[in-house]
Amino acid sequence: MSDVKTEAVTVSVINQLPDASIQGQSPLFHADLATIAKSGPKTGGVTLKEEALLGHLTLRMNPENADQLKAAEKVLGVALPTQPLTSASKGDVVVRWISPDEWLITVPGLKAFEVETAFQKEMKGHFQVVNVSGGQTIVKLSGKYAQYVIKKSSPIDIHPSEFPVGKVVTSVFAKSSAIIRRSGENEFELVIRRSFSDYLWLWLQDASREYGLVIEA
Amino acid sequence: MFLIYCPHCGEYREEEEFQNRGQAHIARPLDPDSCTDEEWGNYMFFRKNPKGLHHELWVHAAGCRKFFNVTRNTATYEIKEVYKIGEQPKVVA
């Protein structure tokens, strides 16, 4: 395949963020978590917090292409995790390994367009970056009993010996799916789809009822 | 629990994350235009249905979404071997 010529390709990138006249609504907007956080219980075994309106970018490229790996590190400030089921983070940037040639990058919502543009500028060759921010959201579960809620919902073995801090798996979650990352000893981040967010919000309330659910805004 | 090893994730995962996509190693005829109807029909429709060892294509549908091959005993469900696409099975009989 060495005789294949790589021609310069221009990709049009559109800033998906509307101006300030339109309010950004996360997939759990209708649940009004801010109000529940104020009026609901303040102590319990499980704390739920939505990391709303982050910028989600999927990156697909060849993990054996050293130039592309270098370019990705330059854009993100952190090297891509090439080991299966690992993640890397620096500041507010988190990179999750999804598949041998796919990563999910989360950045602050307002920086998504900037990072996407930087990829088109820095990276050469065959690759793809897509802004999927509108399609998913992140729910953070923390507290002593957060792991029991995960155990009820997913077949994944989350014992710390099998599932250390920083590990990422994409798996079945309830009757839906989620990208689960252990962000702390007792803290899990679930990347969930917009279309399943209401179902999983109801599921998580039900699954954590016996431990006491605290909503954090 | 029925655990299947995903060669891309490098660990055993629960069966419900996977899908079986049928017989493996089916090569598309290099020149479909010069195939007889019988050759094309065999390629398109006819599959093995053995009792015993079977080489199958599986996909880690709820995980990394990559395909791989599994050599499996269809009578006992025992998985003999898991290998990546493009590789040849070591367990053949």
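Residues numbered from 1 in each chain as written. Chains lettered and ligands numbered in written order. Predicted model: local features only at pLDDT ≥ 70, side-chain atom pairs only at ≥ 80, totals over all residues. Heavy atoms only, no water.

As named in an unreviewed UniProt entry, chain B is Sarcosine oxidase, delta subunit family, heterotetrameric form, taken from Marinomonas fungiae.

An unreviewed UniProt entry lists chain A under the name Sarcosine oxidase gamma subunit, with Marinomonas fungiae given as the organism.

Asker: I would appreciate a short explanation of the packing of helix 4 (residues 146–153) of chain A against helix 5 (residues 194–207) of chain A in the present structure.
Answerer: Two packed helices can be described by the angle between their axes and the distance between those axes. Residues and elements named next belong to chain A. With their axes 10 Å apart at the nearest point, helix 4 and helix 5 run at an angle of 120° to one another. In this view, helix 4 runs oblique relative to helix 5, as classed from their interaxial angle. Here helix 4 and helix 5 pass one another in a crossing that is right-handed. Together, Val149, Lys152 and Ser153 of helix 4 and Trp203, Leu204 and Ala207 of helix 5 make up the contact between the two elements. Counted by class, the contact of helix 4 with helix 5 contains four nonpolar, one polar and one charged residues. (Axes fitted to C-alpha atoms, helices over the stretch in contact; angles between N-to-C directions. Helix = DSSP H or I, 4+ residues; strand = E, 2+ residues; numbered from the N terminus. Parallel < 35°, antiparallel > 145°, perpendicular 65-115°, else oblique. Left-handed = near helix turned anticlockwise from the far one by under 90°. Contact = heavy atoms within 4.5 Å. Nonpolar A, V, L, I, M, F, W, Y, C, P; charged D, E, K, R; others polar.)

Asker: Whenever I open this one, the sheet that holds strand 4 (residues 93–99) of chain A confuses me. Can you help?
Answerer: The strands making up a sheet associate through hydrogen bonds between their backbones, and the pairing can be parallel or antiparallel. All names here are of chain A. Spatially, the five strands line up as an open sheet ordered 3-4-5-2-6, and their pairing is antiparallel. Edge strands, defined here as strands with exactly one partner in the open sheet, are strand 3 (87–90) and strand 6 (128–131). Geometrically, the sheet is characterised by an average inter-axis angle of 20° between neighbouring strands, direction not taken into account. (Pairing = 2+ DSSP bridges.)

Asker: Help me understand the pairing of strand 1 (residues 3–6) of chain B, please; the structure alone is not making it clear to me.
Answerer: Consecutive side chains of a regular strand alternate in pointing toward one face of the sheet and then the other. Residue and element names in this part refer to chain B. Here strand 1 shows one buried face, formed by Ile4 and Cys6, and one open face, formed by Leu3 and Tyr5. In terms of strand pairing, strand 1 meets strand 2 (residues 11–14) through four bridges, oriented antiparallel. The partner of Cys6 across the bridge, within strand 2, is Glu11. Counting the residues between successive antiparallel strands, the hairpin from strand 1 to strand 2 contains four residues, one of them, Gly10, with a positive phi of roughly 75°. (Buried < 20%, exposed > 50% of the residue type's maximum accessible area, 1.4 Å probe, protein only.)

Asker: How should helix 2 (residues 66–76) of chain A be read in this particular structure?
Answerer: In an α-helix, one turn spans 3.6 residues, which is why side chains three or four residues apart end up on the same side. Residue and element names in this part refer to chain A. Turning to helix 2, its buried residues number three or more, namely Gln68, Ala71, Ala72, Val75 and Leu76. Buried residues of helix 2, seen end-on, are gathered within an arc of 120° and therefore sit on one face of the element. Exposed positions of helix 2 whose direction lies more than 90 degrees from the buried face are Asp67, Lys70 and Lys74. The elements touched by buried residues of helix 2 are strand 4, strand 5 (102–107) and helix 3 (112–122). The N-terminus of helix 2 is capped by Asn65, whose side-chain oxygen sits 3.1 Å from the backbone nitrogen of Asp67. Phi turns positive one or two residues past the end of helix 2, at Gly77, with a value near 80°. (Arc of directions from axis to C-beta. Polar contact = N/O pair within 3.5 Å; in protein donor to acceptor, adjacent residues only side chain to side chain.)

Asker: In this structure, what is going on with the interface of chain B and chain A? I would like to understand it.
Answerer: Interfaces are often sized by the accessible area lost when the parts come together. Counting residues at the interface gives 13 residues for chain B, matched by 16 residues for chain A. In this assembly, chain B packs against chain A so that about 1100 Å² is buried in total across both faces, 51% of it on carbon and sulfur atoms. The interface formed by chain B and chain A includes three salt bridges. Asp101 of chain A is the partner of Lys66 of chain B in a salt bridge, and the nearest nitrogen-oxygen pair spans 3.0 Å. Across the chain B-chain A interface, the total number found is six residue pairs in polar contact (both at pLDDT 80 or more). By residue class, the composition of the side of chain B that touches chain A is four nonpolar, two polar and seven charged. (Buried area = accessible area lost by both parts, 1.4 Å probe. Salt bridge = Lys/Arg side-chain N within 4 Å of Asp/Glu carboxyl O.)

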